[in-house]
Amino acid sequence: MQPTSDNPVNARFTDTANDAASDTASDAANGAVDSAPDSPGRPAPIRALTIASSDSGGGAGIQADLKAFARCGVHGMSAIVALTAQNTVGVNAVHECPPDFILAQLDAIFDDLPPAAIKTGMLFSEQIITTVAQALAGRDVPLVVDPVMIASSGAQLLREDAVGALVELLFPLATVITPNLMEAQALTGLGSEDRAEIAEALVAMGARGVLVTGGHGQQHIDHLYADGQHLDIPVPRYPVAATHGAGCTHSAALAACLARGLPVAQAARQAALVAASAVKHGLVGLGAGDGPVDVLDVRSMRPPTSSPAGNPAQAGQLR
Ligand SMILES: Nc1ncnc2c1ncn2[C@@H]1O[C@H](COP(=O)(O)OP(=O)(O)OP(=O)(O)O)[C@@H](O)[C@H]1O
Ligand SMILES: Cc1ncc(CO)c(N)n1
């Protein structure tokens, strides 16, 4: 089966656990639920962690990350560092979590559910970045750092006085950073659209690997520079007015694929397919601004219609 932009992940991962997961997903989509529990004998799921902020509108941030993890067949965990009061039009307010509560979330996760890969998203302030960097230092886990700076609505998601901390404290810990073109230009001070040149400048600033995403500018390519190798990944550019959360979806899918053990270049190709598919199914018209991407294609899904006890006659009856 060839990977397609509609079925980017399951097309490539053909291990037994994943086959079973996609069987269950298609059963659910068809409205049937098997009465037997299916946990015994199946391996524990692969786990990934997002350290990011909540988008109350459900399109970006933690909410996008957890959906992308699920889309990639990975159990998602989250440490929320800030809450945004946000919709498709803008960000009305930001509320930061206290550092000790961020650490409490991370301790709870690392003590019981150690992740196979981690991504960071909107970290907002120097205090949050310092807290997260201290918690991640010395952990031998693949780390994707998405240097989220500006929302598609134009709102500032990283304070100007926090950029230095992001570069100095988090870039050296990252396996790969995933700026979009404008973030890459802002971080380097380069005005060029040459992603290869900008990626080299970002590596010189301390990042091990750089993936400049392809949603903006003239060229429709994600560009990866890692281990001294350049890779252009051609990406589609759908004329869909619903790209809010594309960057979060992309970096979460990249982390999920690293959690699954893929090499960075292959994970980057998969993440591009996942993000493109999410844009293709984007929820145009949801809200007055740029609608959210939809990595799960929720409009094609339905709740189950037969009862868990396996008695279709009881399905859907309210008591
Ligand atoms: N119109 C589109 N059609 C197809 N894929 C897209 C489109 N826009 C973005 N993508 C894909 O989504 C991923 C993230 O791209 P982009 O450069 O837009 O990130 P971003 O600007 O950080 O996103 P966000 O809108 O969440 O801030 C890339 O792989 C990119 O190719
Ligand atoms: C919480 C949050 N994270 C990331 C983005 C970037 O899309 C956003 N708009 N909101």
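Residues numbered from 1 in each chain as written. Chains lettered and ligands numbered in written order. Predicted model: local features only at pLDDT ≥ 70, side-chain atom pairs only at ≥ 80, totals over all residues. Heavy atoms only, no water.

**Considerations on the layout of surface pockets**
Once rolled over the atoms, a probe with the size of a water molecule shows which space is left empty.
Turning to step 1, where the next piece is worked out: Here the second largest pocket is characterised by a volume of approximately 880 Å³.
Turning to step 2, where the next piece is worked out: In terms of lining residues, the second largest pocket is bounded by 43 residues, among which His216, Thr243, Gly245, Ala246 and Gly247 are the most central.
Turning to step 3, where the next piece is worked out: Elements with a minimum of two residues in the lining of the second largest pocket: β1 (47-55), α2 (61-71), β2 (75-86), α6 (181-188), α8 (246-259) and α9 (264-280).
Turning to step 4, where the next piece is worked out: Looking at the lining of the second largest pocket, its residues break down into 18 nonpolar, 18 polar and seven charged. (1 Å grid on protein atoms, 1.4 Å probe; cavity = no way out; pocket = protein on both sides within 12 Å on 5 of 7 lines; lining within 4 Å. Points joined across faces, edges and corners; volume = space filled by probe spheres on them. Helix = DSSP H or I, 4+ residues; strand = E, 2+ residues; numbered from the N terminus. Nonpolar A, V, L, I, M, F, W, Y, C, P; charged D, E, K, R; others polar.)

**Some words on the site of ligand 1**
Turning to step 1, where the next piece is worked out: Taken together, 18 residues lie around ligand 1, and Asn180, Thr213, His216, Tyr238 and Gly247 are the ones closest in.
Turning to step 2, where the next piece is worked out: Between ligand 1 and histidine 216, the relevant distance is 2.7 Å, taken from an oxygen atom to a side-chain nitrogen or oxygen of the residue.
Turning to step 3, where the next piece is worked out: With respect to ligand 1, the side chain of aspartate 222 contributes an N or O atom lying 3.0 Å from an oxygen atom.
Turning to step 4, where the next piece is worked out: When isolated, ligand 1 has an accessible area of 620 Å², and the protein chains bury 93% of it. (Near = heavy atom within 4 Å. Polar contact = N/O pair within 3.5 Å; in protein donor to acceptor, adjacent residues only side chain to side chain. Areas by Shrake-Rupley, 256 points an atom, 1.4 Å probe, with all protein chains shown as cover.)

**Looking at the site of ligand 2**
Turning to step 1, where the next piece is worked out: Taken together, Ser53, Ser54, Ala60, Gly61, Gln86, Met122, Val148, Ala151, Leu157, His244 and Cys248 form the complete shell of residues around ligand 2.
Turning to step 2, where the next piece is worked out: Contacts to ligand 2 include glutamine 86, whose side-chain N or O atom sits 2.8 Å from a nitrogen atom.
Turning to step 3, where the next piece is worked out: More than half of the atoms belonging to ligand 2 lie within 2 Å of the grid points that define the second largest pocket.
Turning to step 4, where the next piece is worked out: Tallied by class, residues from the shell around ligand 2 come to six nonpolar, five polar and no charged. (Sits in = over half its atoms within 2 Å of the grid points.)

**With respect to α9**
Turning to step 1, where the next piece is worked out: A rise of 1.5 Å per residue sets the reference length of α9, with its 17 residues, at 24 Å; its end C-alpha atoms lie 24 Å apart and thus fit the reference within 8%.
Turning to step 2, where the next piece is worked out: Counting buried positions along α9 yields twelve of 17 residues, so the element is predominantly enclosed.
Turning to step 3, where the next piece is worked out: Inspection of α9 places Val264, Ala267, Ala268, Gln270, Ala271, Ala272, Val274, Ala275, Ala276, Ser277, Ala278 and Val279 among the buried residues, and these make up the whole buried set.
Turning to step 4, where the next piece is worked out: Here the buried face of α9 lies against α2, β7 (209-212), β8 (221-226), β9 (229-234) and α8. (Expected span 1.5 Å × (residues − 1). Buried < 20%, exposed > 50% of the residue type's maximum accessible area, 1.4 Å probe, protein only. Contact = heavy atoms within 4.5 Å.)

**Quick word on the pairing of β1**
Turning to step 1, where the next piece is worked out: When you tally the buried positions in β1, you get eight out of nine residues, the bulk of the element.
Turning to step 2, where the next piece is worked out: Judged from the nine bridges that link them, β1 and β2 form a sheet pairing that is parallel. Residue pairing in the sheet places serine 54 in a bridge with leucine 83 of β2.
Turning to step 3, where the next piece is worked out: Handedness of the crossover is the feature at issue here: the chain leaves β1, passes through α2, returns alongside β2, and the resulting connection is right-handed.
Turning to step 4, where the next piece is worked out: When β1 meets strand β4 (residues 117-120), the two strands line up parallel, connected through four bridges. Within β4, the position partnered with threonine 50 by the bridge is lysine 119. (Pairing = 2+ DSSP bridges. Right-handed = clockwise from strand over helix to strand, strands pointing away.)

**A look at unusual backbone geometry**
Turning to step 1, where the next piece is worked out: The phi dihedral of phenylalanine 124 falls on the positive side, at around 65°, and the residue is not glycine.
Turning to step 2, where the next piece is worked out: Secondary-structure assignment places phenylalanine 124 in the loop between β4 and α4 (126-136).
Turning to step 3, where the next piece is worked out: Positive phi, normally seen in glycine, also occurs at aspartate 227, with a value near 50°.
Turning to step 4, where the next piece is worked out: Mapped onto the elements, aspartate 227 comes out in the loop between β8 and β9.
Turning to step 5, where the next piece is worked out: The class of aspartate 227 is exposed, set by a relative accessible area of 73%.

**Let's talk about the packing of aromatic side chains**
Turning to step 1, where the next piece is worked out: According to the stated counting rule, one finds zero aromatic pairs in the structure shown.
Turning to step 2, where the next piece is worked out: We note arginine 139 situated over the ring of phenylalanine 110; from NZ or CZ to the ring centre the distance is 3.6 Å. (Phe/Tyr/Trp six-rings, centres within 6.5 Å; stacked < 30°, edge-to-face > 60°. Lys NZ or Arg CZ within 6 Å of the ring centre and 35° of its normal.)

**Details of the packing of helix α3 (residues 99-112) against α4**
Turning to step 1, where the next piece is worked out: At their nearest, the axes of α3 and α4 sit 10 Å apart, and the two run at 25° to each other. The angle between the axes of α3 and α4 places the two elements in the roughly parallel class. The crossing of α3 and α4 is right-handed. Side by side, α3 and α4 meet where Pro99, Ile102, Leu103, Leu106 and Phe110 of the first sit next to Gln127, Ile128, Thr131, Val132, Ala135 and Leu136 of the second.
Turning to step 2, where the next piece is worked out: Residues that form the contact of α3 with α4 fall into these classes: nine nonpolar, two polar and no charged. (Axes fitted to C-alpha atoms, helices over the stretch in contact; angles between N-to-C directions. Parallel < 35°, antiparallel > 145°, perpendicular 65-115°, else oblique. Left-handed = near helix turned anticlockwise from the far one by under 90°.)

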